Amino acid sequence: VQLQASGGGLVQAGGSLRLSCAASGIRFRFNDVGWYRQAPGKQRELVASISTTGLIHYVDSVTGRFTISRDNAKNTVYLQMNSLKPEDTAVYYCNVISQGGMVRFLWGQGTLVTVSR
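Note that this is a predicted model, so its numbers are computed, not measured. Note that residues are indexed from 1 along each chain, following the sequence as it is written. In keeping with the model being predicted, local features are shown solely for residues with a pLDDT of at least 70 and side-chain atom pairs are shown and tallied solely at 80 or more, while totals for entire chains, interfaces and linings include all residues. Note that water and hydrogens are dropped before the side-chain values are worked out from all heavy atoms of the structure.

1. Describing the overall build of the protein
In this text, helices come from DSSP runs of H or I with a minimum length of four residues, and strands from runs of E with a minimum of two, each type numbered from the N-terminal end. Scanning the protein from N- to C-terminus turns up 0 helices and 10 strands. For a compact globule of 117 residues, the expected C-alpha radius of gyration is about 13 Å, and the protein comes in at 13 Å, within 12% of that figure. For the C-alpha atoms alone, the extent of the protein along its principal axes is close to 40 × 25 × 25 Å. The proportion of buried residues among the 117 residues of the protein is 41%. Note on contacts: a residue pair qualifies if any of its non-hydrogen atoms lie within 4.5 Å across the two residues. The contacts of the protein with a sequence gap of at least 6 include a subset with a gap of at least 24, amounting to 53%. When the accessible surface of the protein is summed, it comes to about 6,500 Å², and 49% of that surface belongs to carbon and sulfur atoms. Charge assignment in this entry is limited to Lys and Arg as positive and Asp and Glu as negative, and neither His nor the chain termini are counted. The atoms used to mark charge sites are NZ of Lys, CZ of Arg, CG of Asp and CD of Glu. If you average the places of the 12 positive and of the 6 negative side-chain charges in the protein, the two averages end up 6 Å apart. For the radius of gyration, the atoms used are the C-alpha atoms, and the globule rule reads 2.2 Å times the number of residues raised to 0.38. When a residue's accessible area, from a 1.4 Å probe over protein chains only, is under 20% of the maximum for its type it is buried; when over 50% it is exposed; and in between it is partly exposed. All accessibility values rest on the Shrake-Rupley procedure with a 1.4 Å probe; residue burial counts only the protein chains present in the view.

Shown next as C-alpha cells:
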C-alpha cells in the first residue's frame, strides 16, 4: 500500500491550498481516511477525517476553513484549505484509520505547507 500526499507549498496568510492523497493497493471507498499534520516541535494531530459513510470530523482549529472530500473514482481524498494561518504551517500526511482510531499504515513523506505572515 502506498499513500501519496501532494499539493503543499508556500502561501501567504489568508490564501488557499488543496492537498491530495492518492492511494495504491487499497480502495479508499471502503476505509475511513484522515488528514494529519505535524508542526515543528509538536505532536502529529488529526486534522480532518472522512468515514466510508461520509461522516466528517474536523479539529476545532480548522473548522469552517478546511474541507475534506473524497473522489472514489480517482481513489483520492482531498483537503481544501482556505483562510490559511501561519499556525497551519506543518507537514501534512494522510492515512487510513482503523477501528479504534489508530492509523493502519506507516507514514509517508507527507507534503509541506508553509503559511507566511
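Here the narrative resumes.
2. A short note on the state of the cysteines
Sulfur atoms of two cysteines make up a disulfide when they are within 2.5 Å. Applying the stated criterion across every chain, the model contains 1 disulfide. The disulfide bridge from C21 ends at C94, spanning 2.0 Å between sulfur atoms. On the sign convention where negative is left-handed, the bridge of C21 and C94, at about 75° about the S-S bond, is right-handed. Placement of the pair is C21 in strand 3 (residues 17-24) and C94 in strand 9 (residues 90-97), with a sequence separation of 73 residues. Pair check on accessibility: C21 and C94 agree, each one buried.

3. A few points about the nonpolar core
Formed by 29 residues in total, the largest nonpolar core has its most connected members in F28, W35, F66, I68, L79, M81 and Y92. Counting only elements with at least two residues in this core, the list comes to strand 1 (2-6), strand 3, strand 4 (32-38), strand 5 (45-50), strand 7 (66-71), strand 8 (76-81), strand 9 and strand 10 (111-116). Residues contacting L79, with those up to four places away along its chain left out, are L17, R18, L19, W35, A48, F66, T67, I68 and Y92. Nonpolar cores are built from buried Ala, Val, Leu, Ile, Met, Phe, Trp, Tyr and Cys residues. Side-chain atoms within 4.5 Å join them into one set.

4. Brief notes about the pattern of salt bridges
For this document, the term salt bridge refers to a Lys or Arg side-chain nitrogen within 4 Å of an Asp or Glu carboxyl oxygen. A complete count under the given rule lists 3 salt bridges for this structure. If you follow the salt bridges from partner to partner, you end up with R37, E45, R65 and D88 in one network.

5. Describing the sheet that holds strand 1
Whether two strands pair depends on DSSP finding at least two bridges between them. Ordered in space as 1-3-8-7, the 4 strands form an open sheet in which the pairing is antiparallel. Two strands bound the open sheet, and with one partner strand each, they are strand 1 and strand 7. Sheet twist, expressed as the mean angle between neighbouring strand axes with direction ignored, is 15°. Bridge count for strand 3 against strand 8 is 6 bridges, and the pairing is antiparallel. By the bridge assignment, C21 is partnered in strand 8 with V77. Axes, fitted as lines to C-alpha atoms, cover a helix only where it is in contact. Angles between the N-to-C directions of the axes lie from 0 to 180 degrees.

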